[in-house]
Amino acid sequence: MTISGFLGAGKTTTLLETARRLREDGRRVAVITNDQGTELVDTQLARSAAETGEVTGGCFCCRFDDLVKVAMDLINDHGVGTLLAEAVGSCADLQATVLRPLRRYYGDRFTAGSLMTVVDAERLAALSSNNGNADLSYLFAKQLEEADVIALNKIDLLDAETTQAALDELHIRYPSATVAGYSAKSGRGMDQLIKTWMSQTAAPRNVEIDYNRYARAEAALAWLNQTLIVRAPGGFDGDLWARTLLEHLSKAAQDEGWAIGHAKITLRAPGVLSRFSLISSGGAPVADGPAPGPLAEAEACINARIACAPTQLDDAIAAAVRAATEVAAAEVERCGGERAFQPAYPQPAYRLAAPEPSAQICGCNGAC
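Now for a quick tour of the structure. Throughout this document, residue positions are counted from 1 along each chain, in the order its sequence is written. Given that this is a predicted model, residues contribute local features only at a pLDDT of at least 70 and side-chain atom pairs are listed and counted only at 80 or more, while totals for whole chains, interfaces and linings are drawn from all residues. Excluding hydrogens and water, the side-chain figures rest on all heavy atoms present in the structure.

1. A word on the overall build of the protein chain
Part 1 of the reasoning: Labels follow the DSSP assignment, with helices taken as runs of H or I lasting at least four residues and strands as runs of E lasting at least two, numbered in each case from the N terminus. Summing up its helical and strand segments, the protein chain has eleven helices and 13 strands in all.
Part 2 of the reasoning: Restricting the calculation to C-alpha atoms gives the radius of gyration, and the globule rule supplies 2.2 Å times the number of residues raised to the power 0.38. Against the 2.2 N^0.38 benchmark of 21 Å for 368 residues, the protein chain shows a C-alpha radius of gyration of 20 Å, consistent with a compact globule.
Part 3 of the reasoning: Each of the three principal axes of the protein chain carries a C-alpha extent, and together these read 70 × 45 × 40 Å.
Part 4 of the reasoning: Throughout this description, buried means an accessible area under 20% of the type-specific maximum (1.4 Å probe, protein chains only), exposed means over 50%, and partly exposed covers the range between. The buried share of the protein chain, taken over its 368 residues, is 55%.
Part 5 of the reasoning: Taking contacts inside the protein chain between residues at least 6 apart in sequence as the whole, the part at least 24 apart equals 78%.
Part 6 of the reasoning: With 34 positive and 45 negative side-chain charges, the protein chain shows a separation of 3 Å between the mean positions of the two kinds. Every residue pair with non-hydrogen atoms within 4.5 Å of one another is taken to be in contact. Charged-residue counts in this description rest on Lys and Arg as positive and Asp and Glu as negative, His and the chain ends being excluded. The atom standing in for a charge is NZ when the residue is Lys, CZ when it is Arg, CG when it is Asp and CD when it is Glu.

This is the structure we're talking about:
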């Protein structure tokens, strides 16, 4: 089963909650994460909750063979029966470049389920307006256009009228998809969403996509993944450090007019794994899970996807780290990751058109 959706929509939370509920039903479940870089916050979280593999250095479509190998390893080495794969938040065209190739070339080994795209109402309003980056809005629309299931997340933050308006808009604009509202964080609507996702049939339709616009959309975002060691002899407040870093970054993005795809931090120490996230410039960071208490030393993994030049993101993160470290009276040491970069032009290993309806006589959905 494959999940897509724009950065910050809540895909990872949805995936991990789905995995938890499927395990309670007796399934052997594993998660596959995906990113343009390495040092992933989402992989750390997934490993704390389920068997996990990862595909790095490019989208599933461009790393198709890696995806197949990771999936086979999880099946053969860990006896996994259900794979939940989370695509990069800037990835589109998954039906043609991932799911159809899986059905055609590996239909005897995998049953490639339906594609679910996660969206939240705030991002839906922002990227549907075309007031910002037109190429990012184009990419966002294509993610929704190819979805078999569109999952409106974070309805716990909305009133009933706003929720219904967003669901109605999605129904009207994407009539070929099944639309469902839920909250991954509170659990509201999750059981019905999982049932819908698992039972939905993939639609044999073709979605046209301009790869030049797709590439420009991905390149509009600078990507940064870093790992730091944060320490203080007398202990430091991990919650204060992480929140200060993201608040500083949020203000810098607002001042410069940069759109934030997402910025995430995990703090990991013995017995501690805390995540903090930011999804809008000028917004406030959100903590998932209990706040970490005083820490003598912790590993901090930082992932940021922001619409600016890579050098600007490097400078902004460095300034935010300095501010957080000063406020928390700590010191930092960089121990992994890379400088910010822009994704390369997407070059999928396969791109297969949907078969004509008349060709579906055997009912295999193109696997034969």
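2. Some words on the nonpolar core
Part 1 of the reasoning: What is meant by a nonpolar core is a set of buried Ala, Val, Leu, Ile, Met, Phe, Trp, Tyr and Cys residues, joined one to another through side-chain atoms within 4.5 Å. Ile32, Ile150 and Leu170 are the most contacted members of the largest nonpolar core, which has 56 residues in total.
Part 2 of the reasoning: Examining the composition of this core, we find that seven residues originate from one element, helix α3 (residues 64-78), more than from any other.
Part 3 of the reasoning: Residue contacts for isoleucine 150: discarding those within four places in its chain leaves Thr117, Val119, Leu144, Leu170, Tyr174, Ala177, Thr178, Val179 and Ala180.
Part 4 of the reasoning: Grouped together as the second largest cluster of nonpolar side chains are 36 residues, Val230, Ala232, Trp241 and Trp258 included.

3. Some points on the side chain of glutamine 95
Part 1 of the reasoning: Along the chain, the position of glutamine 95 falls in helix α4 (residues 94-106).
Part 2 of the reasoning: For this analysis, a polar contact is any N or O atom pair within 3.5 Å, provided that within protein one partner can donate a hydrogen and the other can accept it, and provided that sequence-adjacent residues contribute only side-chain to side-chain pairs. A distance of 3.0 Å separates the side chain of glutamine 95 from the backbone oxygen of glutamate 146, its partner in a polar contact.
Part 3 of the reasoning: Setting aside residues no more than four positions away along its own chain, glutamine 95 makes contact with Arg100, Pro101, Arg103, Leu115, Glu146 and Asp148.

4. What to know about empty space enclosed by the protein
Part 1 of the reasoning: In this analysis a 1.4 Å probe is tested at points of a 1 Å grid over the protein atoms alone, and where it fits but cannot get out there is a cavity; an open set with protein on both sides within 12 Å along at least five of seven lines is a pocket; lining residues have an atom within 4 Å of a point. Grid points are joined across faces, edges and corners, and a volume is the space filled by probe spheres set on the points. Inspection of every chain in the model, using the stated rule, returns one cavity of 30 Å³ or more.
Part 2 of the reasoning: What the largest cavity holds in volume is close to 140 Å³.
Part 3 of the reasoning: Lining the largest cavity we find 16 residues, and of these Asn34, Asp35, Asp42, Glu86 and His262 sit closest to its centre.
Part 4 of the reasoning: Of all the elements in the fold, those that place two or more residues in the lining of the largest cavity are β2 (29-34), β9 (260-269) and β12 (294-306).
Part 5 of the reasoning: Residue classes follow a fixed rule: Ala, Val, Leu, Ile, Met, Phe, Trp, Tyr, Cys and Pro count as nonpolar, while Asp, Glu, Lys and Arg count as charged, and any other residue, Gly among them, counts as polar. Classifying every residue of the lining of the largest cavity by side-chain character gives five nonpolar, five polar and six charged.

5. Remarks on helix α7 (residues 160-173)
Part 1 of the reasoning: A helix is expected to span 1.5 Å multiplied by its residue count minus one. Under the 1.5 Å per step criterion, the end-to-end length of α7 is 20 Å for 14 residues, consistent within 8% with the ideal 20 Å.
Part 2 of the reasoning: As for α7, its buried residues are in contact with β5 (115-120), α5 (121-128), α6 (134-145), β6 (149-153) and β7 (178-181).
Part 3 of the reasoning: Taking the backbone nitrogen of glutamate 161 as reference, a side-chain oxygen 3.2 Å away marks aspartate 159 as the first, capping residue of α7.

6. Some points on the layout of surface pockets
Part 1 of the reasoning: Space inside the largest pocket adds up to approximately 990 Å³.
Part 2 of the reasoning: The wall of the largest pocket is formed by 40 residues, among which Thr13, Lys185, Arg275, Ser277 and Asp288 lie closest to the centre.
Part 3 of the reasoning: Elements with a minimum of two residues in the lining of the largest pocket: α1 (11-24), α5, β9, β10 (272-278) and β11 (286-288).
Part 4 of the reasoning: It is α1 that contributes the most residues to the lining of the largest pocket, seven residues altogether.
Part 5 of the reasoning: Each residue belonging to the lining of the largest pocket can be placed in one class, and the counts come to 14 nonpolar, 13 polar and 13 charged.
Part 6 of the reasoning: Counted as a void, the second largest pocket has a volume near 630 Å³.
Part 7 of the reasoning: Lining the second largest pocket we find 33 residues, and of these Met1, Phe110, Thr111, Ala112 and Gly113 sit closest to its centre.
Part 8 of the reasoning: Looking at the lining of the second largest pocket, the elements that each hand over two or more residues are α3, β4 (82-86), α4 and α8 (190-199).
Part 9 of the reasoning: Counted by class, the lining of the second largest pocket contains 20 nonpolar, ten polar and three charged residues.

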